[in-house]
Amino acid sequence: MLNTRRNVVQRVGFKHIELEAQVDTALVNLAGLQAAAIEGRRQAKLPLHAGQEGLEKLAVAAASLIAARKAIHDAHLSFRDVQDGMRVGPVSFGDYGDTPREATLTEPAELPALTVVRAA
């Protein structure tokens, strides 16, 4: 039974991580499209308002993707609750580890101090 639960956690986890990567890729591609449109307008020496409507629509799309990204992450945390209920421990998928329940950004004061070493 535990092996079945672990297999389920892995199958869902891999699909979820794949989706997280896809939404990030979509955001990167959208930013590239925005930049290309702006640079293209400048290179073509078109007036500033040229392509404005398209850029506004891309901004709406970006906001929607960012909202989707948050929802996907929230779903990841919700699935972690199910995983805990199944008594299956955290699983690392080989990138940066498991998604933490809360953001744990290292404060600058917590970083190790740098030491200056002089050449002998």
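Reading the values: rules and limits
Residue positions are given per chain, counted from 1 along the sequence in the order it is written. Owing to the predicted nature of the model, reporting of local features is limited to residues with pLDDT of at least 70; listing and counting of side-chain atom pairs is limited to 80 or more, with chain, interface and lining totals taken over all residues. Just so you know, side-chain values use all the structure's heavy atoms and leave hydrogens and water out. Surface patches are drawn from residues lacking salt bridges whose relative accessible area is over 30%; two like charges belong together within 9 Å, two nonpolar side chains (Val, Leu, Ile, Met, Phe, Trp, Tyr) within 5 Å. Using the Shrake-Rupley algorithm and a 1.4 Å probe, accessible areas are obtained, with residue cover drawn only from the displayed protein chains. By salt bridge we mean one thing: a side-chain nitrogen of Lys or Arg within 4 Å of a carboxyl oxygen of Asp or Glu. A run of H or I in DSSP counts as a helix once it spans at least four residues, and a run of E counts as a strand once it spans at least two, with each numbered from the N terminus. Fitted lines through C-alpha atoms give the axes, limited to the stretch in contact for helices. The angle between two N-to-C directions lies from 0 to 180 degrees. Any angle that falls under 35 degrees is termed roughly parallel, while one over 145 is termed roughly antiparallel, one within 65 to 115 roughly perpendicular, and all others oblique. Note on convention: the crossing is left-handed when the near helix lies turned anticlockwise from the far helix by less than a right angle, right-handed when the turn is clockwise. Under the scheme applied here, ten amino acids are nonpolar (Ala, Val, Leu, Ile, Met, Phe, Trp, Tyr, Cys and Pro), four are charged (Asp, Glu, Lys and Arg), and all others, including Gly, are polar. When accessible area is computed with a 1.4 Å probe and restricted to protein chains, residues below 20% of their type maximum are described as buried, those above 50% as exposed, and intermediate ones as partly exposed.

A. A nonpolar patch on the surface, seen in detail. A grouping of V8, V12, F79 and V82 is seen on the molecular surface, where their side chains present a nonpolar patch of about 310 Å² in accessible area. Mapped onto the fold, V8 is located in helix α1 (residues 2-43).

B. Representation of the packing of α1 against helix α2 (residues 52-85) in the model. Relative to each other, α1 and α2 sit at 165°, their axes nearing to 10 Å. Between α1 and α2, the angle falls in the class roughly antiparallel. In the crossing of α1 with α2, the sense of the turn from one axis to the other is left-handed. Grouping the amino acids of the contact of α1 with α2 by side-chain chemistry returns 20 nonpolar, five polar and three charged.

C. Examining unusual backbone geometry more closely. A positive phi angle, near 55°, is found at K45, a position not held by glycine. Of note, K45 is situated in the loop between α1 and α2. Its relative accessible area of 74% is what places K45 among the exposed residues.

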